[in-house]
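Listed below are the residues making up each chain.
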Amino acid sequence: MQYRRSNIPGGTYFFTVVTHQRAPWLRETSAVTALGDVMRLVRAQRPFETLAMVVMPDHLHCIWRLPGDDADFSTRWMLIKQGVVHRLRGRMGVQTFWQARFWEQTLRDERDVEQHTHYIHFNPVKHGLVPQVGDWPHSTFHRYVKNGIYPADWGTAPGVLPGVRE
């Protein structure tokens, strides 16, 4: 099967990356730490900006913006996945860590970015892992609160999250 990937230098992309057979090994703090460390190393070699991210037990969502002359997010994901496997092999009780592929969507404009950011930050509540968005530790939501973008109680009132898809 041929997969067609978007190829827009400087593009902004929404990603979903899933663990192999939805194994919940990302619930371990050491796994999240390894993922963060590897992402920082890859970002130092191949720059990208993480606009929003949430790490769930069996998947992650994030939004990246690539440099204006670069559209190669696939190599970045390959390096991140390989780096995490290298750091965690033999320590998490799983043989295969990641699904072979990932899902991406090119975001069209700032409204699209905002809607996907809301979706990312609300994901732990949607999945029933926490009652409030701020209760989930592995999310850029806390950065958004610190920077005054969201109030600390964002996402607690029903029906007030425009663009959050169920």
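In the block above lies the structure referred to throughout.
Residues numbered from 1 in each chain as written. Predicted model: local features only at pLDDT ≥ 70, side-chain atom pairs only at ≥ 80, totals over all residues. Heavy atoms only, no water.

Colleague: Please give an account of the overall build of the chain that cites residues and values.
Modeller: When you go through the chain residue by residue, the secondary structure sums to 4 helices and 4 strands. The order of α-helices and β-strands along the chain, N terminus first, is β-α-β-β-α-β-α-α. A globule of 166 residues ought to have a C-alpha radius of gyration of about 15 Å, and the chain, at 16 Å, matches this closely. When its C-alpha atoms are laid out on the principal axes, the chain stretches across 40 × 40 × 30 Å. Out of the 166 residues in the chain, the part that is buried amounts to 49%. Nonlocal contacts in the chain, meaning residues at least 24 apart in sequence, comprise 70% of its contacts between residues at least 6 apart. Here the chain has roughly 9,100 Å² of accessible surface; of this, 50% comes from carbon and sulfur atoms. If you average the places of the 20 positive and of the 15 negative side-chain charges in the chain, the two averages end up 7 Å apart. (Helix = DSSP H or I, 4+ residues; strand = E, 2+ residues; numbered from the N terminus. Rg over C-alpha atoms; globule rule 2.2 N^0.38 Å. Buried < 20%, exposed > 50% of the residue type's maximum accessible area, 1.4 Å probe, protein only. Contact = heavy atoms within 4.5 Å. Areas by Shrake-Rupley, 256 points an atom, 1.4 Å probe, with all protein chains shown as cover. Lys, Arg positive; Asp, Glu negative; His and termini not counted. Charge placed at Lys NZ, Arg CZ, Asp CG, Glu CD.)

Colleague: So what about unusual backbone geometry? Which residues, and what values?
Modeller: Located in the positive-phi region is Gln21, a residue other than glycine, with phi close to 50°. Its relative accessible area of 67% is what places Gln21 among the exposed residues. Here Arg22, not a glycine, exhibits a phi torsion of approximately 55°, which is positive. Considering the arrangement of structural elements, one finds Arg22 in the loop between β1 (12-18) and α1 (29-45).

Colleague: Got a sec to walk through the environment of Asp153? Specific residues and values, please.
Modeller: Along the polypeptide, Asp153 turns up in the segment after α4 (141-146). Residue classification places Asp153 among the partly exposed positions, given a relative accessible area of 47%.

Colleague: Requested: an account of the pattern of salt bridges, with residues and values cited.
Modeller: Counted under the stated rule, the structure contains 8 salt bridges. In this structure, Glu110 and Arg65 form a salt bridge, with 3.1 Å as the shortest nitrogen-oxygen distance. A residue pair is termed long-range when its members are at least 10 positions apart, and Glu110 in helix α3 (residues 110-126) and Arg65 in strand β3 (residues 59-65) qualify at 45 residues. The exposed category is assigned to Glu110, whose relative accessible area is 55%. The partly exposed category is assigned to Arg65, whose relative accessible area is 26%. (Salt bridge = Lys/Arg side-chain N within 4 Å of Asp/Glu carboxyl O.)

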